[in-house]
Structure formats: C-alpha cells, structure tokens
Amino acid sequence: MDESARLRKLLKRPLVTEKVTRLTETQNTYAFEVPRDANKVEIRRAVETIFEVKVDDVRTINVRGKVKRMGRFLGRRSATKKAMVTLKEGHKLELFENV
C-alpha cells in the first residue's frame with residue numbers, strides 16, 4: 001500500500017455533532033474518526049495532504065467501547081479514536097460548509 005492510500009484510510013469519517021459544529025465556527029476545529037493505531041503526525045499529514053490546508057494542532061481522544069444489552073445478552077461496542085484538528089488562520093475545510 002502506497003503512502004497516499006494509507007493517508008486516505010486514516011480519516012475514516014468526519015464527525016458532525018453540535019459540539020463539533022460550535023468548535024468549527026468559533027475555533028476552526030474539525031473532528032474525524034481515525035484508526036486506533038494512528039498517531040498525531042500521521043493525522044496531520046493526512047489532513048494537510050487530502051484537503052490542502054495547514055494544520056495548527058492535533059488532539060486525539062481514545063473512546064472506550066460501551067457495554068450494551070440485547071435482552072439478556074451482553075455485548076460490547078468497538079472502541080474508537082477521535083482526532084480534533086485545528087487549522088491555521090485563513091484555512092477551512094469546504095467539506096463542512098453546507099452541513
């Protein structure tokens with residue numbers, strides 16, 4: 001797998017919630033779901049390469065999977081990782097404009 005394919009797989013999906021929308025408007029911060037083994041350097045490189053913007057800061061959050069019940073059976077949701085990416089002044093992602 002070449003590097004561009006790896007970078008595209010790093011950003012699984014954008015996270016669009018009320019909190020993230022507020023952060024986007026006030027602090028120019030965007031959120032993505034990323035693989036558990038991704039690190040900040042890879043995430044920064046992926047966002048800068050794919051969207052052609054300059055990244056100021058990357059913060060990551062490990063989210064533990066919740067235990068859920070289905071009747072009398074217990075199950076577990078998968079653990080995930082979130083990346084909060086802050087862009088430099090003057091840069092923005094067009095992906096989130098019409099949401």
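Refer to the structure printed above.
Residues numbered from 1 in each chain as written. Predicted model: local features only at pLDDT ≥ 70, side-chain atom pairs only at ≥ 80, totals over all residues. Heavy atoms only, no water.

Student: What exactly am I supposed to notice about helix 3 (residues 40–51) here?
Tutor: Taking 1.5 Å per residue as the helical rise, helix 3 with its 12 residues ought to reach 16 Å, and the 16 Å between its terminal C-alpha atoms agrees with that figure. Inspection of helix 3 places Ile-43, Ala-46 and Val-47 among the buried residues, and these make up the whole buried set. For helix 3, the angular spread of the buried residues around the axis is 95 degrees, confining them to a single face. The inward-facing, buried residues of helix 3 abut helix 1 (3–10), strand 2 (29–34), strand 3 (55–63) and strand 6 (80–87). Two to three positions downstream of the cap, the backbone nitrogen of Val-41 sits 3.2 Å from a side-chain oxygen, assigning the N-cap of helix 3 to Asn-39. (Helix = DSSP H or I, 4+ residues; strand = E, 2+ residues; numbered from the N terminus. Expected span 1.5 Å × (residues − 1). Buried < 20%, exposed > 50% of the residue type's maximum accessible area, 1.4 Å probe, protein only. Arc of directions from axis to C-beta. Contact = heavy atoms within 4.5 Å. Polar contact = N/O pair within 3.5 Å; in protein donor to acceptor, adjacent residues only side chain to side chain.)

Student: I tried to follow the nonpolar core on my own but got confused; where do I start?
Tutor: Among soluble globular proteins, nonpolar side chains are generally buried collectively. Counting 17 residues, the largest nonpolar core has Phe-32, Val-34, Ile-43, Val-47, Val-85 and Leu-87 as its most contacted members. Among the secondary structure elements, those contributing two or more residues to this core are helix 1, strand 2, helix 3, strand 3 and strand 6. Sequence-distant contacts of Val-47, defined by excluding residues within four places in its chain, comprise Leu-11, Phe-32, Glu-52, Val-53, Val-55, Val-85 and Leu-87. In this structure, Leu-15, Val-20, Leu-23 and Met-84 belong to the second largest nonpolar core, which totals five residues. (Core = buried A, V, L, I, M, F, W, Y, C linked by side-chain atoms within 4.5 Å.)

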